[in-house]
Amino acid sequence: MTTIPSRLAQMTRISSSRAEARLRVIDLYRAWVRAAPEICTIYALNVTPTYLRQSIRQKFEQNRHVTDQRAIEVLLLKGQQELQETLNCWKQPDHIYGIILQNNQRPHRTFLQKFYEGRDEDAVLPAASGTV
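Residues numbered from 1 in each chain as written. Predicted model: local features only at pLDDT ≥ 70, side-chain atom pairs only at ≥ 80, totals over all residues. Heavy atoms only, no water.

Per an unreviewed UniProt entry, the protein carries the name NdufA6 NADH-ubiquinone oxidoreductase 14.8 kDa subunit and comes from Suillus discolor. In UniProt, the protein has this text filed under Sequence similarities (unreviewed entry): "Belongs to the complex I LYR family." As recorded by UniProt, the Subcellular location (unreviewed entry) comment attached to the protein reads in full: "Mitochondrion inner membrane". (UniProt positions renumbered as here; feature names shortened; annotations may be inferred.)

Shown next as structure tokens:
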């Protein structure tokens, strides 16, 4: 398959309202879901398109709580970029398995498990959290 870099290229735009951003997110989600069979074929993945669609839905659900307009715009830009890179074969199959199909959630640990590890990550605030 030949790579056509401009096949999925879009002009960068900023949503004027939350409703417009929501529509853009839905369009991006639909593009990812429609591309699932093609992604499985291009990269010869050992998963079904249905499983890939479920993974895509989980990735979108992870960011469902985001309400900041600028953060939504960044997520939209990154999502469109990932879709373009994926469909233009600019990734290796390992990237697809690692980024799209991997669940990044940490397993739940008890207090003692955290204590034995020597740290309590839930009590530590990120450096750029924006909270005072």
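Peer 1: Could you give an account of the layout of surface pockets, naming the residues involved and the relevant values?
Peer 2: Roughly 1000 Å³ of volume is contained in the largest pocket. In this structure, the largest pocket is lined by 25 residues; those nearest its centre are Val25, Lys59, Phe60, Glu61 and Asn63. Listed by contribution, the elements that provide at least two residues to the lining of the largest pocket are α1 (18-42), α2 (49-62), α3 (69-87) and α4 (93-100). Residue classes in the lining of the largest pocket are distributed as 14 nonpolar, three polar and eight charged. Roughly 400 Å³ of internal volume is contained in the second largest pocket. Lining the second largest pocket are 19 residues, and of these Gln10, Met11, Arg24, Leu76 and Gln80 sit closest to its centre. Mapped onto the lining of the second largest pocket, the elements with two or more residues apiece are α1 and α3. (1 Å grid on protein atoms, 1.4 Å probe; cavity = no way out; pocket = protein on both sides within 12 Å on 5 of 7 lines; lining within 4 Å. Points joined across faces, edges and corners; volume = space filled by probe spheres on them. Helix = DSSP H or I, 4+ residues; strand = E, 2+ residues; numbered from the N terminus. Nonpolar A, V, L, I, M, F, W, Y, C, P; charged D, E, K, R; others polar.)

Peer 1: Account for unusual backbone geometry, naming residues and giving values.
Peer 2: In this structure, Ala44 is a non-glycine residue whose phi angle is positive, near 50°. Turning to its location among the elements, Ala44 is positioned in the loop between α1 and α2. Positive phi, normally seen in glycine, also occurs at Cys89, with a value near 60°. Mapped onto the elements, Cys89 comes out in the loop between α3 and α4.

Peer 1: Residue-level account of the pattern of salt bridges, with values.
Peer 2: If you walk through the whole model with that rule in mind, you get five salt bridges. Across the salt bridge formed by Glu61 and Arg57, the nearest N and O atoms sit 3.6 Å from each other. Of this pair, Glu61 and Arg57 both sit in helix α2, separated by four residues, roughly a single helical turn. Where Lys91 meets Glu82, a salt bridge forms, and the shortest distance between an N and an O atom there is 2.5 Å. Of the residues examined, Glu82 reaches a relative accessible area of 27% and is grouped as partly exposed. A single network of salt bridges, built from pairs that share partners, joins Arg57, Glu61 and Arg64. (Salt bridge = Lys/Arg side-chain N within 4 Å of Asp/Glu carboxyl O. Buried < 20%, exposed > 50% of the residue type's maximum accessible area, 1.4 Å probe, protein only.)

Peer 1: Provide a residue-level description of α3, including the pertinent values.
Peer 2: For α3, spanning 19 residues, the distance from its first C-alpha to its last is 27 Å, which sits close to the expected 27 Å at 1.5 Å a residue. All of the buried residues along α3 are Ile72, Glu73, Leu76, Gly79, Gln80, Leu83, Gln84, Thr86 and Leu87. Each buried residue of α3 sits inside an arc of 165° when the element is viewed along its axis, so together they form one side. Looking at α3, the residues exposed on the side facing more than 90 degrees away from the buried face are Arg70 and Lys78. Those residues of α3 hidden inside the fold are in contact with α1 and α4. Looking one or two residues past α3, Cys89 carries a phi angle of roughly 60°, positive in sign. (Expected span 1.5 Å × (residues − 1). Arc of directions from axis to C-beta. Contact = heavy atoms within 4.5 Å.)

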